Amino acid sequence: FLPAMYIANVISKSYKWKNRWCLLIGAVAVGSALSYAIHSSTGIQGAWYYVAVYIGRIMLAITFIEIGRIIFLMTRKLSGAAEWAVCVISLIIVFAGYRENIIVSMAHARIGNPVVFYIVACAGSIAVLLLCRKLQGKYINRTLTFYGRNSLTVMAIHMDISVEIAWIILGVTGWNDHLSFQMASILVILFEIIFILPCMITIIN
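Here the structure is a predicted model, which is why all the values come from computation and not from measurement. (Residues numbered from 1 in each chain as written. Predicted model: local features only at pLDDT ≥ 70, side-chain atom pairs only at ≥ 80, totals over all residues. Heavy atoms only, no water.)

**Quick look at a nonpolar patch on the surface**
Put simply, the test is: Each patch groups residues whose relative accessible area exceeds 30% and which form no salt bridge, using 9 Å between like charges and 5 Å between nonpolar side chains of Val, Leu, Ile, Met, Phe, Trp and Tyr. Here the Shrake-Rupley method, with its probe set to 1.4 Å, supplies the accessible areas, and only the displayed protein chains count as covering residues. Salt bridges are counted wherever a side-chain nitrogen of Lys or Arg sits within 4 Å of a carboxyl oxygen of Asp or Glu. Numbering goes from the N terminus for both helices and strands, where a helix is a DSSP run of H or I of at least four residues and a strand is a run of E of at least two. Partly exposed describes any residue whose relative accessible area lies between the buried limit of under 20% and the exposed limit of over 50%, with all areas from a 1.4 Å probe on protein chains only and scaled to the type maximum.
Together, Y98, M183, I186, I189, L190, I193, I194 and F195 give the surface a local cluster of nonpolar side chains, amounting to about 720 Å² of exposed area. The element that contributes the greatest number of residues to the nonpolar patch is helix α9 (residues 181-204), accounting for seven residues. Relative to the assigned elements, Y98 resides in helix α4 (residues 81-98). Overall, the relative accessible area of 32% leaves Y98 in the partly exposed class.

**Considerations on the environment of L190**
Within the fold, L190 resides in helix α9. Taking the relative accessible area as the measure of exposure, L190 reaches 42% and is therefore partly exposed. C-alpha of L190 to C-alpha of A166: the two residues are 24 residues apart in sequence and 8.9 Å apart in space.

**What to know about the packing of helix α1 (residues 2-13) against helix α3 (residues 47-75)**
Each pair of packed helices can be summarised by the angle the axes make with each other and by the distance between the axes. Formally: In this analysis, axes come from line fits to C-alpha atoms, helices being fitted only over the stretch in contact, and the angle between any two N-to-C directions falls in the range 0 to 180 degrees. These descriptions rest on fixed angle ranges, namely under 35 degrees for roughly parallel, over 145 for roughly antiparallel, 65 to 115 for roughly perpendicular, and the rest for oblique. Helix crossings get a hand from a simple test, with the near helix turned counterclockwise from the far one by less than a right angle marking a left-handed crossing and a clockwise turn marking a right-handed one. The contact rule is simple, with two residues in contact once any of their heavy atoms fall within 4.5 Å.
At their nearest, the axes of α1 and α3 sit 8 Å apart, and the two run at 55° to each other. One element, α1, and the other, α3, form an angle in the oblique class. Seen along the crossing, α1 lies across α3 with a hand that is right-handed. Each of P3, A4, M5, I7, A8, N9, I11 and S12 in α1 lies in contact with α3, whose residues at this interface are Y54, R57, I58, A61, I62, I65, E66 and R69.

Nothing here speaks to function; it is all geometry.
In structure tokens form, the structure reads like this:
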């Protein structure tokens, strides 16, 4: 993921502003086509699978870099009640769309339905950004600063450690047998954020 993100940053920064929309549309088109080709019933086989997945990751990264620019410029113009309204609407879109497209894996360039994927992803990004802005304060800022320390190191190893630990906890307690995949996934994320990641961050620091 990190090398793909680096390449995407290099490509994005080499473009002038007037070409931004062309870059975004091109990345969305190529990324969506690759995702479908890779994960269709026939799929892409052999070594070409890994090449396609890697290019797909780069396309997804470029897409979100460019979408991030747009979201940043849009949300800067919001204030007061408008921020809360857009935040609530975004959260509703996230929860409504999540059930329609749950099989998503950035690691394997799997986005499912691209329309639902990008709408939900953008809505989620807007909601998180606005919540952080509206709830900022002494303790919130300290918490965000704590989770942001050495974030690249944490991101590089979290899939192999914290997520596996969380799934093991669910299995040992037996909760995994009585929950839907969606609810189990939500619990895994909560375990990771509340218990496991703080321990990892503390140890790394």
